[in-house]
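Residue strings, one per chain:
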Amino acid sequence: MRFETRRTKTASPRTRRLRVVGVLCAALAATLVTGCGQEGGDKTAAATSEAAKVLPKQTTSPSGSASPSGTAQLTEEQTKRKDLLSTVKVTFDKAATTAVGEVSGGKLTDLDLEGLDDDSDDSASPSPEGSSSPGASPSGTGSPSPSPSGSSTGPKWVAEVAEADGTAHEVTVDAVTGKVIDSVPDAEQSDADKQKLADQLAQVKQTPEQAAKVATDKQDGTVTSVALDENDSQVLVWQVEVVTADWNKTTFDVDAAKGTITDEQVDDD
């Protein structure tokens, strides 16, 4: 009896076809999965890109929304103070000494830098040279800067100096050169006015210079006016006006007998 060698079993054509189909299906499935994953990734990347475009707009404030120059803009009155004081060379105390020296035995009762915070702009000189500072207001209501030439058209200190009997004299001092421009008695003063002024001076214990120091010790700045007056409580006070570095004005009422501040008002116009 002869045994034949067993031949290796080969796959049938049908089996081979099934294997090919299986391989193709697997490849197709892998392609579909990869395609789906790529599509999802593209969508995620696109969404992330869009979010990146939006977020900076939400978190970044608009440029120029709070301009520093807008908050530092001077008012018309502040500009006038700045322009006028930039031309003044003679300080309050020097002007006071000069004015008192014009009246024998006189005492200062009022000293004011003309053209500052008042309705009179006569002291302002419309210089053809264009002397107004760059910060001056373009408004037609604002006064042009005074001429620093030292002439009568420039800035002036106007003082009231009283004799012992209450007779008042008006003394005008050039605020640039310190020279006396004019000195005349007050022609409109009545005998009753003289007596009242003499009585007031008899009550004064603090000089205007002392009152000015009390004010500037409280608020550093430039003294632009000192005047003897009665407050609402009929207390005799020195009203001292001080212009600060921000060009605002503070008015102090300093008790003319005690030298204490009784009132303080800030004018930030």
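As the structure is a computational prediction, the values presented were derived from the model and not from experiment.

Peer 1: Which parts of the structure should I look at to understand the sheet that holds strand E1 (residues 107-113)?
Peer 2: Strand pairing in a sheet is mediated by backbone hydrogen bonds. Such pairs are either parallel or antiparallel. On the basis of which strands lie adjacent, the open sheet formed by eight strands has the order E4-E3-E2-E1-E5-E6-E7-E8 and antiparallel pairing. Each having just a single partner strand, strand E4 (180-185) and strand E8 (261-267) make up the two edges of the open sheet. Neighbouring strand axes in the sheet, compared pairwise and without regard to direction, differ in orientation by 20° on average. Relative to E8, strand E7 (residues 249-255) is paired through six bridges, and the arrangement is antiparallel. Its bridge partner being in E8, Thr251 is matched across the sheet by Gln265.

Peer 1: Is there a simple way to explain helix H6 (residues 208-218) in this structure?
Peer 2: Since the α-helix turns once every 3.6 residues, residues separated by three or four places project in the same direction. Among the residues making up H6, those that are buried are Pro208, Ala211, Ala212 and Ala215. The buried residues of H6 all sit within an arc of 100° when viewed along its axis, so they share a single face. Set apart from the buried face of H6 by more than 90 degrees, the exposed residues are Lys213 and Asp217. Contacts from the buried residues of H6 go to helix H4 (92-100), E1, strand E5 (222-230), strand E6 (236-243) and E7.

Peer 1: Looking at this model, I keep getting lost on the side chain of Gln206. Mind explaining?
Peer 2: In this structure, Gln206 sits in the loop between helix H5 (191-203) and H6. We classify Gln206 as buried; its relative accessible area is 19%.

Peer 1: Got a minute to help me understand the nonpolar core in this structure?
Peer 2: Grouped together as the largest cluster of nonpolar side chains are 38 residues, with contacts concentrated most on Leu111, Leu113, Trp157, Trp238 and Val240. When residues of this core are assigned to their parent elements, the largest contribution, five residues, is made by E6. Apart from the residues lying within four places of it in its own chain, the contact partners of Leu113 are Leu84, Leu85, Val88, Lys156, Trp157, Ala175 and Thr224.

Peer 1: Looking at this model, I keep getting lost on the environment of Asp229. Mind explaining?
Peer 2: In this structure, Asp229 sits in strand E5. Counting along the chain gives 32 residues from Asp229 to Leu197, while the straight-line C-alpha distance between them is 9.9 Å. Apart from residues no more than four positions distant in its own chain, Asp229 is found in contact with Val235, Leu236, Val237 and Gln239.

Peer 1: Explain unusual backbone geometry here, please?
Peer 2: Although it is not a glycine, Gln234 adopts a positive phi angle of roughly 65°. Mapping Gln234 onto the fold places it in the loop between E5 and E6. Since its relative accessible area comes to 56%, Gln234 is described here as exposed. Of note, Trp247 is a non-glycine position whose phi angle comes to about 70°, a positive value. Inspection of the secondary structure assignment puts Trp247 in the loop between E6 and E7.

Peer 1: Just to check I follow, could you spell out the environment of Glu170 for this structure?
Peer 2: The topology assignment puts Glu170 in strand E3 (residues 168-174). In sequence terms Glu170 and Ala99 are 71 residues apart; their C-alpha atoms lie 8.7 Å from each other. The contacts of Glu170, once residues within four sequence positions are left out, are Val158, Ala159, Asp182, Ser183 and Val184.

Peer 1: Just checking my understanding: could you explain helix H3 (residues 76-85) for this structure?
Peer 2: When you tally the buried positions in H3, you get seven out of 10 residues, the bulk of the element. Within H3, burial applies to Gln78, Thr79, Lys80, Arg81, Asp83, Leu84 and Leu85. On the buried face of H3, the contacting elements are E1, E5, E6, E7 and E8.

Peer 1: I would appreciate a short explanation of the side chain of Asp174 in the present structure.
Peer 2: Within the secondary structure layout, Asp174 lies in strand E3. Despite its burial, Asp174 pairs with no opposite charge, the nearest such side chain being Lys156 at 8.0 Å. A distance of 2.7 Å separates the side chain of Asp174 from the backbone nitrogen of Val176, its partner in a polar contact.

The rules behind the values
Starting afresh in each chain, residues are numbered from 1 along the sequence in its written order. A pLDDT threshold of at least 70 governs which residues receive local features in this predicted model, and a stricter bar of 80 or more applies before side-chain atom pairs are shown or counted, although totals over entire chains, interfaces and linings include all residues. The basis for every side-chain value is the complete set of non-hydrogen atoms in the structure, without hydrogens or water. At least two bridges found by DSSP between two strands is the condition for calling them paired. Numbering of helices and strands starts at the N terminus; helices are DSSP runs of H or I of at least 4 residues and strands are runs of E of at least 2. Where helices are involved, their axes are fitted lines through C-alpha atoms of the stretch in contact, as for all axes, and angles between N-to-C directions lie from 0 to 180°. Each residue is placed in one exposure class: buried if its accessible area under a 1.4 Å probe, protein chains only, is under 20% of its type's maximum, exposed if it is over 50%, and partly exposed if it falls in between. Taken from the helix axis, the directions to the C-beta atoms give the arc we talk about. We call two residues in contact when some of their heavy atoms are within 4.5 Å. Side-chain atoms within 4.5 Å link the members of a nonpolar core, which is a set of buried Ala, Val, Leu, Ile, Met, Phe, Trp, Tyr and Cys residues. Charge assignment: positive for Lys and Arg, negative for Asp and Glu; neither His nor the chain ends contribute. What counts as a salt bridge is simple: a side-chain nitrogen of Lys or Arg found within 4 Å of a carboxyl oxygen of Asp or Glu. Polar contacts here mean pairs of N or O atoms no more than 3.5 Å apart (in protein, one a potential hydrogen donor and the other a potential acceptor; neighbouring residues in sequence count only if both atoms are side-chain atoms).

Without other data, these values stay purely geometric and don't point to any function.
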